[in-house]
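The lines below spell out each chain.
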Amino acid sequence: MSHFLDAIHCNNHSGKPPVWLMRQAGRYMPEYRAIREKTSTDAMFHDPDIATEVTLLPEKLLDVDALVLFSDILVLCEIFGKKVEFIEGVGPVITPQITTEKDIHNLIQRPLEETVDYVRQTVENVKQASDLPLLGFCGAPFTVATYMIGSLEKAEAFASDHPRAFHDLLNKLCIAAIDHLKMQVDAGAQAVQIFDSWAGMTSYTGFLQYSHIYLQRIVDAMRDINVPTIVFSRNSSLYPRELSHLNPNCISFDWKYSMKELRQKVPPHIAIQGNINPEILRDESPQFIEKVTKQLLEEVGSEPGFIANLGHGVLPKTPVANITTFISTIKNGVFCESRR
Ligand code: CP3
């Protein structure tokens, strides 16, 4: 088994953690920018050949231990017949937007073969081309709902004005997310990550009511089919206890708290992932990156359930040299070796 899959099961006894990066194929990478110049973002996300090529870039260029499907959490909206566009300088736009209870009532899930079959094809292509473990993913209902309604503020206002309809929306997105993950697993994804980016940005009661219960349903559905699952949220270090309660295989943590402390707050059978600050990775020197990465290794590097990563995705202007420094510091495991 691979290092990555061992670690997600808290069973990596090699003394060296596996490493991958959220947004490991992204704009910081000249090869990604070259593809993006030749093609539209629409084609990058929807054409399985291009999505496959982009997913595989990190295997060619970096020493990572896992690949992550090149797609986006918002393609989930396409299962309901919505259009998703990534507009330069604006961000993702979903049309038509949800503004009324009726819009939610009228949302009907379409067959995945008719809407997101290109995702299944991409997973199959990547599995044929690479032996690295492939991570599939989905957006959690609360986070996808905020984009469907337009923003976190609008979603919170909608939820307080129309709580039943908001839960209907979360329920529909939850069913679609589980189906979408199962499709990726059927096609060959060996683990999945659930992105609930906005979960840690709303109130505590909002997190419990709108995020936690739906995350639980997705985690349970993946456990039923024996697929290891990572839960990601911004500000996840606020909620180690609540996220542990979901009992996923792994929790992805931000950089606002020490991994050593988090390791103690999370039960030993749940792995932890993280947690370099992406702004440090973008802005500091390779020497500094090496120093903070060694600190991370010192804290949790030899834990059997630790996956080295950032606390959030790689930022567009990050120097490639900083990324390779981060990965090689993890790989050389200077600290672990000197300990043996
Ligand atoms: O980790 C990976 O590389 C896998 C692919 C992936 C993308 N988006 C590709 C992408 C994943 C896992 C995501 C998740 C995602 N998408 C999240 C959750 C994680 C997080 O960052 O909080 C969210 C909230 C989105 C929504 C989204 N997609 C936004 C806000 C944007 C525009 C801003 C930005 O970061 O560029 C996107 C577009 C997007 N998704 C790009 C990529 C590589 C940029 C496309 C481009 O301009 O080249």
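Within every chain, residues take consecutive numbers counted from 1 along the sequence as written. It should be noted that, the model being predicted, local features are given only for residues of pLDDT at least 70 and side-chain atom pairs only at 80 or more, the latter also being counted only at that level, while totals for whole chains, interfaces and linings use all residues. Hydrogens are left out, water is left out, and the side-chain values use all remaining heavy atoms of the structure.

Asker: If you had to explain the confidence of the model for the protein chain to someone new, which residues and values would you point to?
Answerer: Here pLDDT means the predictor's own confidence in every residue, given as a number from 0 to 100. The predicted model of the protein chain averages 96 in pLDDT, with 98% of residues at 70 or higher. This stretch, residues 334–340, has a pLDDT under 50; its non-local contacts, to residues over four places away or in other chains, come to 13 contacts. Contact criterion: two residues are considered in contact whenever any of their non-hydrogen atoms come within 4.5 Å of each other.

Asker: Which residues make up helix α9 (residues 152–161), and what are the values?
Answerer: Relative accessibility thresholds used throughout: buried, under 20% of the residue-type maximum; exposed, over 50%; partly exposed, between the two (1.4 Å probe, protein chains only). Here a strand is any run of E in DSSP of at least two residues, a helix any run of H or I of at least four, and the numbering for each starts at the N terminus. Every buried residue belonging to α9 is among L152, A155, F158 and A159, and all of these are buried. Take α9 and look down its axis: the buried residues cluster within an arc of 125°, on one side only. Exposed positions of α9 whose direction lies more than 90 degrees from the buried face are E153, S160 and D161. Throughout, the arc means that of the directions going from the helix axis to the C-beta atoms.

Asker: Residues and numbers for the packing of helix α8 (residues 141–149) against α9, please.
Answerer: All axes here are fitted lines through C-alpha atoms, helices being fitted over the stretch that makes contact, and every angle between N-to-C directions spans 0 to 180 degrees. Relative orientation of the contacting elements α8 and α9 amounts to 100°, with a least axis distance of 8 Å. As judged from the angle between their axes, α8 and α9 are roughly perpendicular. Here α8 contributes F142, T146 and I149 to the contact with α9, which in turn contributes L152, K154, A155 and F158. When residues are grouped by polarity, Ala, Val, Leu, Ile, Met, Phe, Trp, Tyr, Cys and Pro land in nonpolar, Asp, Glu, Lys and Arg in charged, and all others, Gly among them, in polar. Classifying every residue of the contact of α8 with α9 gives five nonpolar, one polar and one charged. Roughly parallel means an angle under 35 degrees; roughly antiparallel, over 145; roughly perpendicular, 65 to 115; everything else is oblique.

Asker: Report on the site of the ligand, specifying residues and quantitative values.
Answerer: It suffices for a single heavy atom of a residue to lie within 4 Å of a molecule or strand for the residue to be listed as near it. Neighbouring residues of the ligand: 21 residues in total, closest R27, Y32, R36, D72 and S197. Take R27: an N or O atom from its side chain is 2.3 Å from an oxygen atom of the ligand. Pairs of N or O atoms are called polar contacts if they sit within 3.5 Å, as long as, within protein, a hydrogen donor faces a hydrogen acceptor (for residues adjacent in sequence, only side-chain-to-side-chain pairs). The separation between an oxygen atom of the ligand and a polar side-chain atom of Y32 is 2.6 Å. Protein contact buries 86% of the 870 Å² of open area that the ligand shows by itself. Looking at side-chain class alone, the shell around the ligand contains 13 nonpolar, four polar and four charged residues. Accessibility throughout is a Shrake-Rupley quantity obtained with a 1.4 Å probe, and a residue counts as covered only by protein chains that appear here.

Asker: An account of the sheet that holds strand β6 (residues 229–232) is requested, with residue identities and associated values reported.
Answerer: Strands sit in the order β1-β4-β5-β6-β7-β8-β9 across an open sheet of seven strands; the sheet is parallel. Each having just a single partner strand, β1 (67–68) and β9 (306–310) make up the two edges of the open sheet. By definition, two strands form a pair when at least two bridges between them are found by DSSP. Note that strand β8 (residues 271–276) and β9 share five bridges and pair parallel. In the strand pairing of β9, G274 is matched with A308. Running over the sheet, helix α15 (residues 286–300) touches β8 and β9 and is turned about 160° from β8.

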